[in-house]
Protein chains: 4
Amino acid sequence: MSSEIPFYMRVRYGDTDQMGVVYYANYLYWFEVGRTEFCRFHGKSYSQWEAEGIFLPVVEAHCRYKHPARYEDEIAIFTKVGELKAGSMTFECRIERKADGRHLAAGWTRHAFVDRTGKIVRGDNPLRRWIESFGG
Amino acid sequence: MSSEIPFYMRVRYGDTDQMGVVYYANYLYWFEVGRTEFCRFHGKSYSQWEAEGIFLPVVEAHCRYKHPARYEDEIAIFTKVGELKAGSMTFECRIERKADGRHLAAGWTRHAFVDRTGKIVRGDNPLRRWIESFGG
Amino acid sequence: MSSEIPFYMRVRYGDTDQMGVVYYANYLYWFEVGRTEFCRFHGKSYSQWEAEGIFLPVVEAHCRYKHPARYEDEIAIFTKVGELKAGSMTFECRIERKADGRHLAAGWTRHAFVDRTGKIVRGDNPLRRWIESFGG
Amino acid sequence: MSSEIPFYMRVRYGDTDQMGVVYYANYLYWFEVGRTEFCRFHGKSYSQWEAEGIFLPVVEAHCRYKHPARYEDEIAIFTKVGELKAGSMTFECRIERKADGRHLAAGWTRHAFVDRTGKIVRGDNPLRRWIESFGG
């Protein structure tokens, strides 16, 4: 199993809602930032995989919100590979408040491997092999 | 158990991403629209509940994406109450393409009942009683 | 000059920020909704124009915010054609609170006419002729 | 006049639209990130100003889009103070592609100084004096 790869960023004003905390949908943008940085960390950006014709559309997403993130908080997004199956994979993600390590939220996204036409690619493919190569 | 309450709207250009489909996080905005319209349909808007000091922050969210929504599609958002517990409730939501009834996505959001200070309200409260009153 | 075409919708919770009003960037989504509905009203959706290979990327945008929109307000988005030039056109848009007609914001977006390769199309083109046909 | 303060970040997948470029409204989030970092750079975060009861709601916004930003581009957001008037101020912002310095977009936001009740604060106030202190 792969290790967690961290990425740090600051909460935007536009991420908040009138309850004074980050609106729940924005955590899914943070999960996406985490996945992007995870790929970059391992040497090949998600853009490059798309350019080579392999895409990872989200087929399922889950998030458990434990403690709110607030405007201007610095957050840490930790991403790792969860499951790797024939036609899909999951990324697991957790969000911490950087200042004190407070756990804010955690979840996962499940992705199909698809080609440029949208057809699901089952079994072996370059992206899957790459993920396996670093213990994913 | 309550019935599904429908709401219709059109997909925006800004909802899409470069894969040519609606970006996954935007479905959570649609779930929220569904909840808002569900409350309005049953006679008391969520704004009114907030004004009376009862809030429903999201504590957990889940979405399964089956078929993509695209720009300018008219979608139908069907919302109903799922579970009603002592300190939380869930709304269940499914999204259909209106033109042909194609199932696009489904999910749920779980909410705590909290007061103006953010403190969880367990057991009986006016919002909970109201939800129970129409079979929720 | 074309007439204003109205479209009505309700403000989402996710549109607000911690100041308790709609976050300023979201008005630009509303301008886009206005343009989409303007095209549909006049008989040919923007999707159809894109399918025929004419695109209207935004090259300039402006918004003056007079009075805030709030969660669950029903708003009216009025859109009309502003200028029509050789290589660009503008849509003008204003937002009202439907309940009492209160003026909330107004602005415009300027668009280039481009083809599928991104090359600017100057002078005559089907979309431009169509806009002129209804007094745009 | 104040100097430009830079901030670097990467474009998200969720920032793009089906035209394969960043959706125009998202540049306004980047302007906001620029303002936040500008304040932090000068020693007092915008959150702290809000905590002290001075707010800077946007009353006008403008953006000129010259060249598109794309997914995973690293961008540089340069922010400086524009005008400083009795009841308002402007921030000017420009966006560059970091890799090659390509100019992507530029614009400004005009803000009123308001207190916690939303009342406009004209003339002297702590935030205004602070901005003047570093040549704003």
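Note: the structure precedes this text.
Read on for a plain summary of the structure. Remember, predicted model here, so these are calculated numbers, not experimental data.

## A look at the interface of chain D and chain C
Chain D puts 26 residues into the contact, and the matching count from chain C is 26 residues. Here chain D packs against chain C, burying approximately 2,100 Å² in sum over the two surfaces, 55% of which is carbon and sulfur. The largest per-residue losses of area from chain D upon contact with chain C belong to Met19(D), Tyr23(D) and Tyr24(D), which jointly make up 27% of the total buried on that side. Counting every contact that joins chain D to chain C gives 0 salt bridges. Seen at the junction of chain D and chain C, the total is 17 residue pairs in polar contact (both at pLDDT 80 or more). Those elements giving two or more residues to the side of chain D that touches chain C turn out to be helix H1 (26-41), helix H2 (46-51), strand S2 (58-65) and strand S5 (103-112) of chain D.

## Details of the pairing of strand S5 (residues 103-112) of chain A
All names here are of chain A. Within S5, 7 of the 10 residues are buried, which leaves it mostly tucked inside the rest of the structure. Of the strand pairs in this sheet, strand S2 (residues 58-65) and S5 are connected by 7 bridges, and their pairing is antiparallel. Bridge pairing in S5 places cysteine 63 opposite glycine 107. Bridge count for strand S4 (residues 88-97) against S5 is 9 bridges, and the pairing is antiparallel. Across the sheet, residue methionine 89 finds its bridge partner in S5, namely histidine 111. As consecutive antiparallel partners, S4 and S5 are separated by 5 residues, and within that stretch glycine 101 has a phi angle of approximately 70°, a positive value.

## Some words on the sheet that holds strand S2 (residues 58-65) of chain B
The strand order S1(A)-S3(A)-S4(A)-S5(A)-S2(A)-S2(B)-S5(B)-S4(B)-S3(B)-S1(B) describes an open sheet built from 10 strands, whose pairing is antiparallel. In this open sheet, the two edge strands, each paired with only one partner strand, are strand S1 (5-10) of chain A together with strand S1 (5-10) of chain B. Taken over all neighbouring pairs, the strand axes of this sheet differ in orientation by 20° on average, direction set aside. The pairing of S1(B) with strand S3 (residues 74-84) of chain B spans 6 bridges and is classified as antiparallel.

So, how was this worked out
Residues numbered from 1 in each chain as written. Chains lettered and ligands numbered in written order. Predicted model: local features only at pLDDT ≥ 70, side-chain atom pairs only at ≥ 80, totals over all residues. Heavy atoms only, no water. Contact = heavy atoms within 4.5 Å. Buried area = accessible area lost by both parts, 1.4 Å probe. Salt bridge = Lys/Arg side-chain N within 4 Å of Asp/Glu carboxyl O. Polar contact = N/O pair within 3.5 Å; in protein donor to acceptor, adjacent residues only side chain to side chain. Helix = DSSP H or I, 4+ residues; strand = E, 2+ residues; numbered from the N terminus. Buried < 20%, exposed > 50% of the residue type's maximum accessible area, 1.4 Å probe, protein only. Pairing = 2+ DSSP bridges. Axes fitted to C-alpha atoms, helices over the stretch in contact; angles between N-to-C directions.

Shape is all these values report; function is a separate question.
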